[in-house]
Amino acid sequence: MFALMQSSRVQSLHMMVEPGTGLKAVIAIHSSRKGPALGGCRYLSYPTEESAVEDAIQLARNMSYKAVLAGLSLGGGTAVIMRPAHVPDRAALFEAFGRFVESLDGRYITAMDSGTSREDMDCIAQCTRHVTSTTAVGDPSAHTALGLYTGIRTTAMARLGSDNLEGLRVAIQGLGHVGYALAEQLHAAGAELLVADLDSGKVQLAMEQFGAKPIASEALLSTPCDILAPCGLGGVLNSHSVAKLRCAAVAGGANNQLSCAAIADQLEARGILYAPDYVINSGGLIYVALQHQGATDGTITAHLSQIGTRLTEVFAHAQAEKRSPARVADALAERLLDQE
């Protein structure tokens, strides 16, 4: 655990167990040099306690990188709650988690993430003010999708020479809140959509509303397309899956898309442009962070538009240095985090 913390440069790791509610939670804080750590709260089934801790640590680092590259005065952190087989009272569990967040005295601000909802955030808010993406604030997914759309246009320009998405084949893996909102925007721009999701109902809806072509989840990565947009859980890009890719670029909303850092080099070697996930999917963080700070809608919209600018910068350096954009983005984030 300590070796993993050191390799990821995580500042602190906090754990809480409350048997009465079934709560088993981990909060990882990667950095607080730029401000309090803000990051989502995941509520998922994990095979082991070690895998839950590892997920929190890796996501916390990505949140730090995401915040600093988005120009936010925040650090990065993440919480994971191990979903129990039986939950006697979901509201009580999240209120217990709220007390856990409150015990950190503002060093960590939590938000909605995989497996959690605005209603869960409302429960947390009963016990702490260090929470966002509540019902009052709204779902950040639409803003994540808007940032993704901007980033996909930027990626298309860098790899294909045009940001006109009409007729472009985009394969979306995962039709959750973000993936479905992205599909809606891409359809409006005239893109041809290939979609996969374990929920057949979501796939059917995308077919009816966007004329999307359904692809089996296990076949999507090897289906020819211009841009692959992973929008599910992380780790989808590994040595096996990268070898099967038939796309010009990868630009999606999932966190931790690369199973390890070396995968970025494999993508580069294959000539597949990779949009670093924590750069292109930062729209949700920008929204909840600025909402929490009381920013106006105009300020938030202007900040979202900078996602494309940052990606263009990363792509330009990657081309000049003949390195993967992922390596360039990591180095830039570390340099900015080390600045006072």
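The structure we're discussing is the one just above.
Let me sum up the structure you'll find in this document. Every value quoted in this text rests on a predicted model; they were computed, and no experiment measured them.

**Focus on the sheet that holds strand β4 (residues 75-82)**
- As summarised here, the arrangement of the five strands in space is β1-β2-β4-β3-β5, forming an open sheet in which the pairing is mixed. Among the strands making up the open sheet, the edge pair consists of β1 (12-18) and β5 (108-112). Averaged over all adjacent pairs, the angle separating strand axes in this sheet is 25 degrees, with direction ignored.
- Judged from the seven bridges that link them, β1 and strand β2 (residues 23-31) form a sheet pairing that is antiparallel. Across the sheet, Met-15 pairs through a bridge with Val-26, a residue of β2.
- Against the sheet, helix α3 (residues 90-103) contacts β1, β2, β3 (37-44), β4 and β5, and its axis sits at roughly 35 degrees relative to β2.

**Focus on helix α4 (residues 118-125)**
- All of the buried residues along α4 are Asp-120, Met-121, Cys-123 and Ile-124. All buried residues of α4 fall inside an arc of 155 degrees around its axis, so they share one side.
- Where α4 is buried, its residues meet α3 and β5.

**A word on helix α14 (residues 306-321)**
- Here α14 contains 16 residues, and its C-alpha end-to-end distance of 23 Å stays within 8% of the 22 Å for a straight helix at 1.5 Å per residue.
- Among the residues of α14, those classed as buried are Ile-307, Gly-308, Arg-310, Leu-311, Val-314, Phe-315 and Ala-318. All buried residues of α14 fall inside an arc of 160 degrees around its axis, so they share one side.
- Backbone geometry just downstream of α14 places Lys-322 in the positive-phi region, at approximately 55 degrees.

About the cut-offs
- Each chain has its residues counted from 1, running along the sequence as written.
- Local features in this predicted model are restricted to residues of pLDDT 70 or higher, and side-chain atom pairs are both shown and tallied only at a pLDDT of 80 or more, whereas totals for entire chains, interfaces and linings draw on every residue.
- Side-chain descriptors were evaluated using all non-hydrogen atoms of the structure, hydrogens and water having been removed beforehand.
- Pairing between two strands is assigned when DSSP locates at least 2 bridges connecting them.
- Secondary structure counts use DSSP, requiring at least four H or I residues in a row for a helix and at least two E residues in a row for a strand, with both numbered from the N terminus.
- The axes used here are C-alpha line fits, helices contributing only the stretch in contact, and every angle between their N-to-C directions lies in the interval 0 to 180 degrees.
- When checking whether two residues touch, look at their non-hydrogen atoms; a contact exists if any pair is within 4.5 Å.
- Exposed residues in this analysis have more than 50% of their type's maximum accessible area, buried residues have under 20%, and partly exposed residues fall in between, with area computed by a 1.4 Å probe over protein chains only.
- Arc definition: directions from the helix axis to the C-beta atoms.
- Expected span, for any helix, means 1.5 Å times one less than how many residues it has.

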